[in-house]
Amino acid sequence: MNGAGYIYRMANASSARLFELVRDYVGLPCWTFGGATLWDVEPERGRENLRPNERLTDMARLDPGGDFGHAFTERAEVRWKRLGRDVYDVLVLSEQSLDIAGARLVTCEGAAWQTEAGNGAAIVQTDHRPRINYILYRAPNAAVELIRYTSLEPEGQ
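Residues numbered from 1 in each chain as written. Predicted model: local features only at pLDDT ≥ 70, side-chain atom pairs only at ≥ 80, totals over all residues. Heavy atoms only, no water.

Peer 1: Even after reading the chapter, I still don't get the pairing of strand E8 (residues 113–117), so can you show me in this structure?
Peer 2: Examined bridge by bridge, strand E1 (residues 3–13) and E8 share three bridges and lie antiparallel to one another. Looking across to E8, one finds that glycine 3 is bridged to threonine 115. Pairing of E8 with strand E9 (residues 132–138) involves four bridges; the strand directions are antiparallel. Among the inter-strand pairings, glutamine 114 is bridged to a residue of E9, identified as arginine 138. (Pairing = 2+ DSSP bridges. Helix = DSSP H or I, 4+ residues; strand = E, 2+ residues; numbered from the N terminus.)

Written out as structure tokens, the structure is:
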């Protein structure tokens, strides 16, 4: 294992709070993706209801629409699930201990999560999109509980 990971949950965040969390903990520029399978879904659009990874350089362009989303950098990842018109269940994943007002620290048996970098492995995307680098968040029994996205590999790697 490489180190410790921390997960923070904000169960009823507004879109304004979601934007603050991305700005303050992920930072810009970052990578973001998401999609609609219930909220805002347009069945005739098929897989276009899923937003591919895109580089975000302007916080005003962050799209919290649909059902879920992710924004990530090497610093942290913010992921969200939409619960209502302007209500989100948000997780912040980081390898640094953070102080996030209104968030609850989610531990594994009372301890930080064990983390392990992908060690050269990456998630392969379709349509010739860049591979996604990640960090594994493991429970004390070494079972992988979450995969935290960290970056996209540059074209051609």
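Peer 1: Which parts of the structure should I look at to understand the nonpolar core?
Peer 2: One broad rule of soluble globular proteins: the nonpolar side chains tend to lie buried together. Counting 21 residues, the largest nonpolar core has Leu21, Val22, Val78, Trp80, Val90 and Val92 as its most contacted members. When contributions to this core are tallied by element, the ones reaching two or more residues are E1, helix H1 (15–26), strand E5 (76–84) and strand E6 (87–94). The element that contributes the greatest number of residues to this core is H1, accounting for five residues. (Core = buried A, V, L, I, M, F, W, Y, C linked by side-chain atoms within 4.5 Å. Buried < 20%, exposed > 50% of the residue type's maximum accessible area, 1.4 Å probe, protein only.)

Peer 1: Mind showing me how you'd approach the side chain of aspartate 89 here?
Peer 2: Within the secondary structure, aspartate 89 sits in strand E6. A polar contact is formed between the side chain of aspartate 89 and the side chain of arginine 9, at a distance of 2.6 Å. (Polar contact = N/O pair within 3.5 Å; in protein donor to acceptor, adjacent residues only side chain to side chain.)

Peer 1: I tried to follow the side chain of serine 151 on my own but got confused; where do I start?
Peer 2: The residue serine 151 is located in strand E10 (residues 144–152) in this model. Polar side-chain contacts of serine 151 include one of 3.2 Å to the side chain of glutamate 74. Residue contacts for serine 151: discarding those within four places in its chain leaves Trp31, Phe72, Glu74, Arg131, Ile132 and Asn133. (Contact = heavy atoms within 4.5 Å.)

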